[in-house]
Structure formats: C-alpha cells, structure tokens
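Here is how the chains run, residue by residue.
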Amino acid sequence: GNSVTQMEGPVTLSEEAFLTINCTYTATGYPSLFWYVQYPGEGLQLLLKATKADDKGSNKGFEATYRKETTSFHLEKGSVQVSDSAVYFCALSDTGTASKLTFGTGTRLQVTL
Amino acid sequence: DTAVSQTPKYLVTQMGNDKSIKCEQNLGHDTMYWYKQDSKKFLKIMFSYNNKELIINETVPNRFSPKSPDKAHLNLHINSLELGDSAVYFCASSQELSEQYFGPGTRLTVT
C-alpha cells in the first residue's frame, strides 16, 4: 500500500535559518504529492502540491520538488520566520476515483527569535 | 463564508454515549471525507463520499456511521463511545482529484 515517511521532529530553528523537512514516499502508479501545514489549534491548510515528476510546488517562500527517481518531496524554505512555527504534513494521493490522502506522521517546526 | 465548517468544535462526553459531528462545505465539491487525528498528530482517513455515495470505508469500527444527506453535508455519528475514540476529527472536501480542503476540526474527548 501507499505510505509516507517524514523526518521526526521537533525541528527547532532560529529565525532566518534554512529549513529542510525530508519526505519520502512509497506508492503504486503516479501519485500527487502535497505539503499541508497545521498551525496551533487550527485545521490543515494546503501549503503546496506537485502532480507529476519534476514539478516544483511553491507557496509563501516554501518549495518542494517531486523527485520520482528518489521518491522524495522534501520541503525547503530559505529563511524561516517565527510565524512558520507549525506542524507540517507530507501527503500523497493515489489516482483512484477518490483521492484518498495518505499522510506522513507530521513534523513540528519551532522557530525562535 | 467558511469553506468547510464543522460543529461542534469541542465535544466532551462520557463512555457509552452516542454523538454526532456535522460537516458542511460551500465549495460545490463532489467528494467529502472524514479523517481522525490521534494524540500523536497522526492523520488517517476514515470515510469518503462522492455525490452522497460511500466510496472509501477504511477499517473503522461499525460504531462509526457516516451519513450524507446531500453532497454539501457529511455527518459522522458515533455509537457507544469509547475512551479510544478521543481524537480530533477533520472533515475535508475536494472536487474530483484536486486538493482537499479541511475543516477546523472537532476535538472529541471521551471520559
């Protein structure tokens, strides 16, 4: 079956530091890949997505590239802010009739001044 | 004009009770979902409906019963609540194979 593996957190960074959160996946076929963010006490928000190999998703300074050869979709940001503190989820959806999302375990990011 | 809304936001109840969580989306999407997020933040799909028809039913106790009166609503009814049902339940919707939009979540605490 499908699965997503994320690096374990928490990740603690100083403001303006470079962020990488690793994500690798196992899937049959050609899934779409997503990063969702969950701010404290809130629901999940889509951060970015990529639907095919070599696509780069980007939003709010975050980016991730769909790498089929390494089955990875690592999240990066050049300079994090305190307001980026949240839990980040990598997810994939298969190409069936219902795009069921399979999530990674989430990585908590804490950014300090 | 919330896209995906859930009620209630918090639900505290005793073991053995029956409770419902409601979800509504105003995005015109055809597909709706229920996810469960446990205390370690792990998210897992429970159900999915497409145009009021059940299309995903993961390994969930039959005490959980989703109901979709129309394609804008997907409610979750839980019978005989157990301590292990304590979690945050998220509703989501999507149009065909596009990205899913999540509601704010319902935190269920069973005592």
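Preceding block: the structure.
Reading guide: rules and limits
Each residue is numbered by its place in its chain's sequence as written, counting from 1. In the order they appear in the text, chains get letters beginning with A and ligands get numbers beginning with 1. With the structure being a predicted model, the display of local features is reserved for residues of pLDDT at least 70 and the display and counting of side-chain atom pairs for 80 or more, all residues being used for whole-chain, interface and lining totals. Here the side-chain values reflect all heavy atoms present in the structure, with hydrogen atoms and water set aside. Numbered from the N terminus, helices here are DSSP runs of H or I no shorter than four residues, and strands are runs of E no shorter than two. Computation of the radius of gyration draws on C-alpha atoms, with the globule rule given as 2.2 Å multiplied by the number of residues to the power 0.38. To sort residues, take the accessible area from a 1.4 Å probe on protein chains only and compare it with the maximum for the residue type: under 20% means buried, over 50% means exposed, and anything in between is partly exposed. Here a residue-residue contact requires only that any non-hydrogen atoms of the pair lie within 4.5 Å. Reported accessibility uses the Shrake-Rupley method at a 1.4 Å probe radius. Residues are deemed covered only where the shown protein chains occlude them. Two strands make a pair as long as DSSP finds a minimum of two bridges between them. Nine residue types can take part in a nonpolar core, namely buried Ala, Val, Leu, Ile, Met, Phe, Trp, Tyr and Cys, and a core is a set of them joined through side-chain atoms within 4.5 Å. Between N or O atoms, a polar contact is any pair within 3.5 Å; within protein, one atom must be a potential hydrogen donor and the other a potential acceptor, and residues adjacent in sequence are included only when both atoms are from side chains. In plain terms, two cysteine sulfur atoms within 2.5 Å form what is called a disulfide here. Any carboxyl oxygen of Asp or Glu within 4 Å of a side-chain nitrogen of Lys or Arg constitutes a salt bridge here.

Trainee: I keep staring at the overall build of chain A and nothing clicks. Help me out?
Mentor: Looking only at helices and strands, chain A features 0 helices and 12 strands. Its C-alpha radius of gyration of 14 Å places chain A within 12% of the 13 Å reference for a compact globule of 113 residues. Viewed in the frame of its principal axes, chain A has a C-alpha envelope of about 45 × 30 × 20 Å. Out of the 113 residues belonging to chain A, those deemed buried represent 46%. Of the contacts formed within chain A by residues at least 6 apart in sequence, a portion of 55% connects residues at least 24 apart. Of the accessible surface of chain A, which amounts to about 5300 Å², a share of 47% is contributed by carbon and sulfur atoms.

Trainee: What is the right way to read the pairing of strand E8 (residues 62-65) of chain A from this model?
Mentor: The side chains of a regular strand alternate, residue by residue, between the two faces of the sheet. All names here are of chain A. For strand E7 (residues 56-59) and E8, the ladder comprises 4 bridges, and the chain directions are antiparallel. When the sheet's bridge partners are listed, Gly57 is paired in E8 with Ala64. Here E7 hands over to E8 after 2 residues, with Lys60 in that stretch at a positive phi of 55°. Sheet analysis places E8 next to strand E9 (residues 75-77), joined by 3 bridges and oriented antiparallel.

Trainee: Sorry, what's going on with the nonpolar core here?
Mentor: Generally speaking, a soluble globular protein has its nonpolar side chains buried in company with each other. Formed by 26 residues in total, the largest nonpolar core has its most connected members in A:Leu19, A:Trp35, A:Leu47, A:Leu48, A:Phe73, A:Leu75 and A:Tyr88. Taken together, the elements giving at least two residues each to this core come down to strand E2 (11-14), strand E3 (19-21), strand E4 (23-26), strand E5 (32-38), strand E6 (44-50), E8, strand E10 (86-93) and strand E12 (107-112) of chain A. A per-element tally of this core places E10(A) first, with 4 residues. With sequence-adjacent residues up to four places away left out, A:Leu75 is seen in contact with A:Leu19, A:Thr20, A:Ile21, A:Trp35, A:Leu47, A:Leu48, A:Phe62, A:Glu63, A:Ala64 and A:Tyr88. Core analysis: the second largest hydrophobic core is formed by 20 residues, B:Val4, B:Leu11, B:Trp34 and B:Val110 among them.

Trainee: Sorry, what's going on with the side chain of B:Gln100 here?
Mentor: For B:Gln100, the location among the structural elements is in the loop between strand E9 (87-94) and strand E10 (101-102). There is a polar contact of 2.8 Å between the side chain of B:Gln100 and the side chain of B:Tyr35.

Trainee: Sorry, what's going on with the state of the cysteines here?
Mentor: Cysteine pairs can be linked by a disulfide, which is a covalent bond between their two sulfur atoms. Tallied over the full model, the rule gives 2 disulfides over all chains. With a sulfur-sulfur separation of 1.9 Å, A:Cys23 is cross-linked through a disulfide to A:Cys90. One disulfide, between A:Cys23 and A:Cys90, carries an S-S torsion of -70° and so falls in the left-handed class. Here the residue A:Cys23 occupies a position in strand E4, and A:Cys90 occupies one in strand E10, the gap between them amounting to 67 residues. Each member of the pair, A:Cys23 together with A:Cys90, is buried. For B:Cys23, the disulfide goes to B:Cys91, at an S-S distance of 1.8 Å. Torsion about the S-S bond of the B:Cys23 and B:Cys91 cystine: about -75°, corresponding to left-handed handedness. A residue pair is termed long-range when its members are at least 10 positions apart, and B:Cys23 in strand E3 (residues 19-25) and B:Cys91 in strand E9 qualify at 68 residues. In this structure B:Cys23 comes out as buried when scored by relative accessible area, which is 1%. Given the relative accessible area of 0%, B:Cys91 is considered buried.

Trainee: So what exactly am I meant to see when it comes to the pattern of salt bridges here?
Mentor: Where charged atoms from two side chains of opposite charge approach closely, those side chains can pair. Summed over all chains, the structure comprises 8 salt bridges over all chains. A:Asp84 serves as the salt-bridge partner of A:Lys77, at 2.8 Å between the closest nitrogen and oxygen. A salt bridge links B:Lys71 to B:Asp30; the nearest nitrogen and oxygen atoms lie 2.8 Å apart. Of this pair, B:Lys71 sits in the loop between strand E7 (64-70) and strand E8 (73-78) while B:Asp30 sits in the loop between E3 and strand E4 (31-37); the two residues are 41 residues apart in sequence, bridging distant segments of the chain. By sharing partners, the salt bridges in this structure join B:Arg63, B:Glu82 and B:Asp85 into a single network.

Don't take any of this as a statement about function, it's just geometry.
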